[in-house]
Amino acid sequence: MRDKNKWDISFKTMKSPLMFAMVFYAIAIWRYLATGYEFYLFNFGYIGTALAVGLFFNNALPKRHSTWGRRIAQLLVGSYLLIYVGFILGENLQIEGFFTYLLMGVFAGATLHYFVAKIIGPLLFNRGWCSWACWTAMVLDFLPWKKPLNGRLRSLGLIRYLHFFASLGIVFYVWFILQDRLIYADKTMEVYWLLVGNVLYFAVGIFLGFVFKDNRAFCKYVCPIPVFQKITSRYAIMKIEIDQEKCIDCGLCEKNCPMNIKLLSYKDANQRICSTECILCTTCMEICPKSAVSLTNKIDAYNKEHLDYSFLDRGNRKTF
Ligand code: SF4
Ligand code: SF4
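K.L.:
Tell me about the site of ligand 1, and name the residues and values.
P.N.:
In the region of ligand 1, the neighbouring residues are Ile242, Cys247, Ile248, Asp249, Cys250, Gly251, Leu252, Cys253, Leu264, Cys288, Pro289 and Val293. Across the shell around ligand 1, the residue classes break down as 10 nonpolar, 1 polar and 1 charged.

K.L.:
Please set out the nonpolar core residue by residue, giving values where relevant.
P.N.:
Counting 83 residues, the largest nonpolar core has Leu81, Ile240, Ile261 and Leu263 as its most contacted members. For this core, the element with the most residues is helix 2 (residues 39-60), which contributes 7 residues.

K.L.:
Account for a nonpolar patch on the surface, naming residues and giving values.
P.N.:
A surface patch of nonpolar side chains, amounting to about 540 Å² of accessible area, comprises Trp7, Ile9, Met14, Leu18 and Met22. Structurally, Leu18 can be placed in helix 1 (residues 11-35). For Leu18, a relative accessible area of 49% gives the class partly exposed.

K.L.:
Account for helix 3 (residues 67-88), with residues named and values stated.
P.N.:
Under the 1.5 Å per step criterion, the end-to-end length of helix 3 is 29 Å for 22 residues, consistent within 8% with the ideal 32 Å. Along helix 3, the helix axis deviates most sharply at Tyr80, where the bend reaches about 30°. Two residues or fewer past helix 3, Gly90 is found with a positive phi of approximately 75°.

K.L.:
Explain the pattern of salt bridges residue by residue, including any values.
P.N.:
For the structure on display, the rule yields 16 salt bridges. Between Glu277 and Lys230 there is a salt bridge whose closest N-O contact spans 2.6 Å. Taken together, the residues Glu277 in the loop between helix 14 (263-268) and helix 15 (283-287) and Lys230 in helix 12 (residues 226-233) connect sequence positions 47 residues apart. Of the two residues, Glu277 and Lys230, neither departs from the other in class, the shared state being buried. Across the pair Arg234 and Glu305 runs a salt bridge, and its minimum N-O distance is 3.4 Å. Within this pair, whereas Arg234 is found in the loop between helix 12 and strand 1 (238-242), its partner Glu305 is found in the segment after strand 2 (293-297), the two being separated by 71 residues in sequence. The buried category is assigned to Arg234, whose relative accessible area is 13%. A relative accessible area of 25% places Glu305 in the partly exposed class. What emerges from the salt-bridge pattern is a single network uniting Arg127, Arg152, Arg160, Lys230 and Glu277.

Conventions and cut-offs
- Residues numbered from 1 in each chain as written.
- Chains lettered and ligands numbered in written order.
- Predicted model: local features only at pLDDT ≥ 70, side-chain atom pairs only at ≥ 80, totals over all residues.
- Heavy atoms only, no water.
- Near = heavy atom within 4 Å.
- Nonpolar A, V, L, I, M, F, W, Y, C, P; charged D, E, K, R; others polar.
- Core = buried A, V, L, I, M, F, W, Y, C linked by side-chain atoms within 4.5 Å.
- Buried < 20%, exposed > 50% of the residue type's maximum accessible area, 1.4 Å probe, protein only.
- Helix = DSSP H or I, 4+ residues; strand = E, 2+ residues; numbered from the N terminus.
- Patch = residues over 30% accessible without salt bridge, like charges linked within 9 Å, V, L, I, M, F, W, Y side chains within 5 Å.
- Areas by Shrake-Rupley, 256 points an atom, 1.4 Å probe, with all protein chains shown as cover.
- Salt bridge = Lys/Arg side-chain N within 4 Å of Asp/Glu carboxyl O.
- Expected span 1.5 Å × (residues − 1).
- Bend = angle between axes of the 7 residues up to and from the residue.

What is shown is where atoms sit, not what they do.
Right under this line is the structure:
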C-alpha cells in the first residue's frame, strides 16, 4: 500500500507516462515519414516528452503536491504552442485558423493540431487538453478561484455554441463573400489573428473568473473548443473512476471539482465519470481522503450528464 505522503517511483507510476510518450513519438515518426519534415519529430517528440514528465510527477509526487505534475505539463506545452508554434512559426492555432486551413485543404499546422488534440485525441485522453496543455487555461489557472463558489449557470451554456458558429461564420465570410483565398499567404495575418484572439480570450477569461469567482468560467461557458471535444470525449478510454468500496460519500470531490461535475451520481450509477465536462484535472484524485478516485482505462460511454446547476444557492452551503 502506497504511503501518500511520500514519493512513489515504481513501474506503476511510469506506465502511463511511457504510454503517452510512445503515442506521441509514433505520431512524430508517422508525420515525418509521410512528409519528410523534421519539425514533426521535434514537435511531437517535445509535446510527448513534456506530457510524460508531467504525468510522471502527477503519479509520483506526494499526493498533496500531485497537481504540480499537471501544471508543469501545462506550462511546458501551453507556452511552447503559443509562443513558439504560434508567434514564432506564425501558425494561427485559434479555431478560425483551423477552419481556414480546412478550406485551404491543408493538413498541417492548425488542422493537425485540432485533429490530434481536440477531435480524435479525446477518444484516448478525454478532454485532457483543457487542463494539461491549453495555453488559455494555463494563464487562468493562476487565478485564485480554483474551487468554484457556485454551481453552473444553465442559461450561459449556449454561449460556447454561439461562439463556435460565429467563428465559423467569420471564416466563411472572408472565404466565400470577400473571396479572400490568400488570407494566410502572408504569415503576418495569421500572427495578428492569433494575437487578437488570445488577447480577447485572456481578457474575457479573467473577467469571467473575477465575476463568478471561478477560474474555469471561461471553459464552462465561452470557449468553443468543447463543441468538438464533447463529441469524442464521451467515448474516451481514459476517465475518472470512483471505487465504491473505498468511498465514504464525504462529497469533497464534488465540492472541489472545477467543472461542477456530480461525481457521486456517477458513482451511485456504477459508472465512471462519463461527463463530457471532465477535463482530467485530477483535483478529485488529489482531494479524496480515501484514495477512492483514480484514472482508469476502459471502454464505456453514457449519455447522461450529471452537473451541478445550483448556481445561486451553493455559496450558502457548508464549505470544506
Ligand atoms: S472525496 Fe473520495 S471519499 Fe469523498 S465522496 Fe469523493 S470519492 Fe468519496
Ligand atoms: S471530475 Fe475530477 S478530473 Fe474531472 S474535472 Fe472534476 S475534479 Fe477534474
